[in-house]
Amino acid sequence: MIGAVAGSYFIPDTILPRVSESTDEQEMETKYSYINPLLFCKDQNLSNLNSEVSTEIEKKVGTYIEERKKEGGLIEASVYYKDLNSGPWALINGELLSAPSSLLKVPLAISVYSAAEKNPSLLGTSVHFSGGEDVPASQYFKPPQQIVAGSNYTAEELVRYMVEDSDNAALYLLSNMLDQKDLLDSYSHLGITTPTTNLSSYSMTVRQYASFFRILFNASYLSQDKSEYLLSLLASSKFDQGIEAGLPKDIKVANKFGETRFSNNKVQLHDCGIVYYKKGPYLLCIMTHGTNFDALAGSIAGISKIIYAVLEEQN
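Residues numbered from 1 in each chain as written. Predicted model: local features only at pLDDT ≥ 70, side-chain atom pairs only at ≥ 80, totals over all residues. Heavy atoms only, no water.

A. Representation of the packing of helix H2 (residues 105–118) against helix H6 (residues 206–217) within the structure. H6 packs onto H2 with a crossing angle of 35 degrees between their chain directions and a minimal axis gap of 10 Å. Between H2 and H6 lies a crossing of left-handed hand. Packed against H2, whose contacting residues are Val106, Pro107 and Ile110, the element H6 presents Tyr209, Phe212, Phe213 and Leu216 at the interface. Split into classes, the residues belonging to the contact of H2 with H6 amount to seven nonpolar, no polar and no charged. (Axes fitted to C-alpha atoms, helices over the stretch in contact; angles between N-to-C directions. Helix = DSSP H or I, 4+ residues; strand = E, 2+ residues; numbered from the N terminus. Left-handed = near helix turned anticlockwise from the far one by under 90°. Contact = heavy atoms within 4.5 Å. Nonpolar A, V, L, I, M, F, W, Y, C, P; charged D, E, K, R; others polar.)

Structural data, given as structure tokens:
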């Protein structure tokens, strides 16, 4: 079933990640812009993958987070960085648990396209949006475009609205179109188990969530074409106040953000995705807790800027 967290976003109540880290041993050349399928992938001890770059990122980002906490607005943050070509990684406050909220539109989109591989007619299936559906509360970072009441939309169109614009109404319709068995099977195949906690306290770590982007980048779950397509949608995301704000304008980012407001006036803002850096793509996931969405967006942008600067210095 699909439920709501903090009255703001629909979240599948069947997901609690159980993921493993892997490193690329051999890669094949590809015609695609956003993916890099693997010929061979081998689990490694994470301690073997660290590097001078990782150490510098952890040091500078850790210092920056502490400075932002003293300034106010930011209470805590966790960061996961991984070089998607050569494997070095960095992790700051990796045990912090966060409410993923709208970030979970990515695994839902993956589930839709997985179901479409078995039922090709699914993507063309049309559903009516009356406007009277029980759609979650308004978002702080509002969708630039939303589906219109009184109109019909195909599943493929709804995925685009959900991923590019983070439209909650599109999410609501899609979650009801998708067979629950397909949703459960998709999460099962991704190595994700049913949570033992109730939905209101559902949480995950930054590295656990980042696995969804590795699945797409490596085309290890969906076909190459479908993985490429979903990442192209994420690269068209309208949210540019987080990771993207800390980068030069010419760098493409395939990302998804999530926001949650709690009854105690605390908020969380996250931004995760793949940065297509000219010297090699990297995965970056940043989860922040605080009291002000704009301050958290600024912190995410600042962290992104620091990591980019370290990579520029080291390369």
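B. The arrangement of the nonpolar core in detail. If you look at the biggest cluster of nonpolar residues, it comprises 59 residues, and the most contacted ones within it are Val159, Tyr209, Phe213, Leu230 and Leu231. Every element with two or more residues in this core is listed here: H2, helix H3 (155–164), helix H4 (168–177), H6, helix H7 (224–234), strand E12 (267–275) and strand E13 (282–290). With residues up to four places along the chain from it excluded, the contact list for leucine 230 reads Ala109, Ile110, Tyr113, Val159, Leu216 and Leu222. Listed in part, the 35 residues of the second largest apolar core include Leu269, Phe293, Ile303 and Ile307. (Core = buried A, V, L, I, M, F, W, Y, C linked by side-chain atoms within 4.5 Å. Buried < 20%, exposed > 50% of the residue type's maximum accessible area, 1.4 Å probe, protein only.)

C. A look at unusual backbone geometry. In this structure, asparagine 93 takes a positive phi of about 55 degrees despite not being glycine. Turning to its location among the elements, asparagine 93 is positioned in the loop between strand E7 (89–92) and H2. With a phi close to 50 degrees, alanine 219 is a non-glycine residue in the positive phi region. Looking at where alanine 219 falls in the secondary structure, it is placed in the loop between H6 and H7.

D. Inspection of the pattern of salt bridges at higher detail. With the rule as written, the count across this model stands at nine salt bridges. Glutamate 76 is paired through a salt bridge with lysine 69; the nearest N and O atoms lie 3.2 Å apart. Of the residues examined, lysine 69 reaches a relative accessible area of 26% and is grouped as partly exposed. Bridged by salt links that share partners, the residues Glu56, Lys60 and Glu313 form one connected network. (Salt bridge = Lys/Arg side-chain N within 4 Å of Asp/Glu carboxyl O.)

E. Quick peek at H2. Over its 14 residues, H2 runs 20 Å from end to end, which matches the ideal 20 Å to within 8%, given 1.5 Å per residue. Across the 14 residues of H2, 12 count as buried, placing the element largely inside the fold. For H2, the full list of buried residues reads Lys105, Val106, Pro107, Leu108, Ala109, Ile110, Ser111, Val112, Tyr113, Ser114, Ala115 and Ala116. (Expected span 1.5 Å × (residues − 1).)

F. Highlighting the environment of asparagine 315. On the secondary structure map, asparagine 315 appears in the segment after helix H8 (293–314). Asparagine 315 gets classed as exposed once you look at its relative accessible area, which sits at 52%. Apart from residues lying up to four places away in sequence, asparagine 315 is in contact with Tyr277 and Lys279.

G. Local environment of the sheet that holds strand E11 (residues 253–261). The antiparallel open sheet is built from five strands, whose spatial order is E7-E6-E13-E12-E11. Every interior strand has two partners, whereas the edge strands, E7 and E11, have only one. Each adjacent strand pair in this sheet contributes to an overall mean axis angle of 10 degrees, direction not counted. (Pairing = 2+ DSSP bridges.)

H. How the structure looks around the pairing of E12. Counting buried positions along E12 gives nine out of nine residues, so the element sits mostly inside the fold. Relative to E12, E11 is paired through nine bridges, and the arrangement is antiparallel. What sits directly across from phenylalanine 257, in E12, is aspartate 271. Adjacent in sequence and paired antiparallel, E11 and E12 are bridged by five residues, among which asparagine 265 carries a positive phi angle near 70 degrees. Taken together, E12 and the strand that follows it, E13, pair antiparallel across an intervening segment of six residues, in which glycine 280 is found at a positive phi of about 140 degrees.

I. A look at the environment of threonine 154. Tracing the chain through its elements places threonine 154 in strand E9 (residues 151–154). In this structure the C-alpha to C-alpha distance between threonine 154 and leucine 174, which are 20 residues apart in sequence, comes to 9.3 Å. If we skip the residues at most four places from it in the chain, threonine 154 touches Leu123, Gly124, Thr125 and Ser126.

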